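Letter by letter, the chains look like this.
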Amino acid sequence: MYTGLQHTHSGLAYLVLIALIVVVVLMLIGSLSGREFTEKDRKIALVAFILSHVQLLVGLILYFISPLGLELFQSGSAMSDSVLRLTALEHPLINIVAIVLITIGYSRAKKAATSRAKFRSIYMLYAIGLVLILSRIPWSAWLG
């Protein structure tokens, strides 16, 4: 089960990153072009929203069953090693913050009155979330 969750978490990460990049680009273009925010735009943003939340759920499950997650943090040895600190603290914490920002962006867009405000809310907060996610990916383990 643990290996399956690891593969799911890694594979889903590609989809989340692609979806976030697509949404940021499309919403930025929509905002700059001055076009109306449509149902299609909302659904595209919703796909990235859902994928990022599923990724968070899989990551949290993995964190609590993994020997590299909660146990490292509780033992106290993770803080002295940068690789272990990334796995035990920085990766989960920063990615939770990123998902919260994505959620805020989507929620604010639903309440916004103008198309420009909807586009801006999504592309700005999704972009910040994307940057945070990219900053805390364990690249050596992920690509290696």
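Sequence order as written defines residue numbering, which begins from 1 separately in each chain. Residue-level local features of this predicted model are given only where pLDDT is at least 70; pairs of side-chain atoms are given and counted only at 80 or more, and the full residue set underlies all totals for whole chains, interfaces and linings. The side-chain values count all of the structure's non-hydrogen atoms but skip hydrogen atoms and water molecules.

Asker: It is not clear to me how the overall build of the chain should be interpreted in this structure. Could you clarify?
Answerer: Assigned secondary structure in the chain consists of six helices and zero strands. By the criteria applied, helices consist of DSSP H or I runs no shorter than four residues and strands consist of E runs no shorter than two, each listed in order from the N terminus. Tracing the chain from N to C terminus, the helices and strands come up as α-α-α-α-α-α. Across its three principal axes, the chain shows a C-alpha extent of roughly 50 × 30 × 25 Å. Residue burial in the chain is summarised as follows: out of 144 residues, 35% are buried. The contacts of the chain with a sequence gap of at least 6 include a subset with a gap of at least 24, amounting to 72%. Only protein chains enter the accessibility calculation, which uses a 1.4 Å probe; a residue whose area is less than 20% of its type maximum is buried, one above 50% is exposed, and one in between is partly exposed. Note on contacts: a residue pair is in contact if any heavy atoms of the two residues lie within 4.5 Å.

Asker: What exactly am I supposed to notice about the pattern of salt bridges here?
Answerer: Side chains that differ in charge, positive against negative, can pair when their charged atoms come close. A side-chain nitrogen of Lys or Arg and a carboxyl oxygen of Asp or Glu constitute a salt bridge if their distance falls within 4 Å. Under the criterion given, the structure shown has four salt bridges. Between arginine 35 and aspartate 41 there is a salt bridge whose closest N-O contact spans 2.8 Å. According to the relative accessible area criterion, arginine 35 is partly exposed, its value standing at 34%. For aspartate 41, a relative accessible area of 3% translates into the label buried. Put simply, glutamate 90 and arginine 85 hold a salt bridge, and the shortest N to O gap is 3.0 Å.

Asker: What exactly am I supposed to notice about the packing of helix 4 (residues 82-111) against helix 5 (residues 115-135) here?
Answerer: Two quantities define a packed helix pair, namely the angle between the helix axes and the distance between the axes. Packing of helix 4 against helix 5 brings their axes to within 8 Å, and their N-to-C directions diverge by 170 degrees. In terms of orientation, helix 4 lies roughly antiparallel with respect to helix 5. For the pair helix 4 and helix 5, contact is made by Ile94, Asn95, Val97, Ala98, Leu101, Ile102, Ile104, Gly105, Tyr106, Arg108 and Ala109 and by Lys118, Ser121, Ile122, Leu125, Tyr126, Ile128, Gly129, Leu132, Ile133 and Ser135, respectively. The residue makeup of the contact of helix 4 with helix 5, split by class, is 14 nonpolar, five polar and two charged. Only C-alpha atoms enter the line fits that serve as axes; for helices the fit covers just the stretch in contact. Angles between N-to-C directions range over 0 to 180 degrees. For classification purposes, an angle smaller than 35 degrees is called roughly parallel, one larger than 145 roughly antiparallel, one from 65 to 115 roughly perpendicular, and anything else oblique. Under this grouping Gly is polar, as are all residues other than the nonpolar Ala, Val, Leu, Ile, Met, Phe, Trp, Tyr, Cys and Pro and the charged Asp, Glu, Lys and Arg.

Asker: I keep staring at the nonpolar core and nothing clicks. Help me out?
Answerer: Buried together is how nonpolar side chains tend to be arranged in soluble globular proteins. To define a nonpolar core, start from buried Ala, Val, Leu, Ile, Met, Phe, Trp, Tyr and Cys residues and group those joined through side-chain atoms within 4.5 Å. Leu20, Val23, Met27, Ile102, Ile122, Tyr126 and Ile133 are the most contacted members of the largest nonpolar core, which totals 24 residues. Of all elements in the fold, only helix 1 (2-33), helix 2 (39-65), helix 4 and helix 5 reach the threshold of two or more residues within this core. When residues in this core are grouped by element, the largest group, eight residues, is from helix 1. Ignoring anything within four residues of it in the chain, the contact list for isoleucine 102 reads Leu20, Phe49, Ser52, Leu125, Tyr126, Gly129 and Ile133.

Asker: So what exactly am I meant to see when it comes to helix 4 here?
Answerer: Residues three or four positions apart in an α-helix share a direction because the helix packs 3.6 residues into each turn. Multiplying 1.5 Å by the helix residue count minus one yields the expected span of that helix. Spanning 30 residues, helix 4 covers 41 Å between terminal C-alpha atoms, matching the ideal 44 Å at 1.5 Å per step. Of all the positions in helix 4, only Leu86, Ala88, Pro92, Asn95, Ala98, Ile99, Ile102, Gly105, Tyr106 and Ala109 are classed as buried.

Asker: I keep staring at a nonpolar patch on the surface and nothing clicks. Help me out?
Answerer: Within this analysis, patches are made of residues with over 30% relative accessible area and no salt bridge. Like charges are joined at 9 Å or less; nonpolar side chains (Val, Leu, Ile, Met, Phe, Trp, Tyr) at 5 Å or less. Accessibility throughout is a Shrake-Rupley quantity obtained with a 1.4 Å probe, and a residue counts as covered only by protein chains that appear here. Together, Met1, Leu57, Ile61 and Ile65 make up an exposed nonpolar region whose accessible area comes to about 420 Å². Looking at the element boundaries, leucine 57 is found in helix 2.

Asker: Before we go on, may I ask you to explain the side chain of histidine 9 in this structure?
Answerer: Examined against the element boundaries, histidine 9 turns out to sit in helix 1. Owing to a relative accessible area of 17%, histidine 9 belongs among the buried residues under this scheme. Setting aside residues no more than four positions away along its own chain, histidine 9 makes contact with Gln55, Val58, Gly59, Leu62 and His91.

Asker: When you look at the confidence of the model for the chain in this model, what are you seeing that I'm missing?
Answerer: Detailed reading of the predicted coordinates is not advisable wherever pLDDT is low. Every residue carries a pLDDT, the predictor's confidence in it, which falls somewhere between 0 and 100. Here the chain averages 91 in pLDDT, while 97% of its residues score no lower than 70. Here helix 3 (residues 70-75) stands out as the least confident element of the chain, with mean pLDDT 70; helix 5 is the most confident, with 97.

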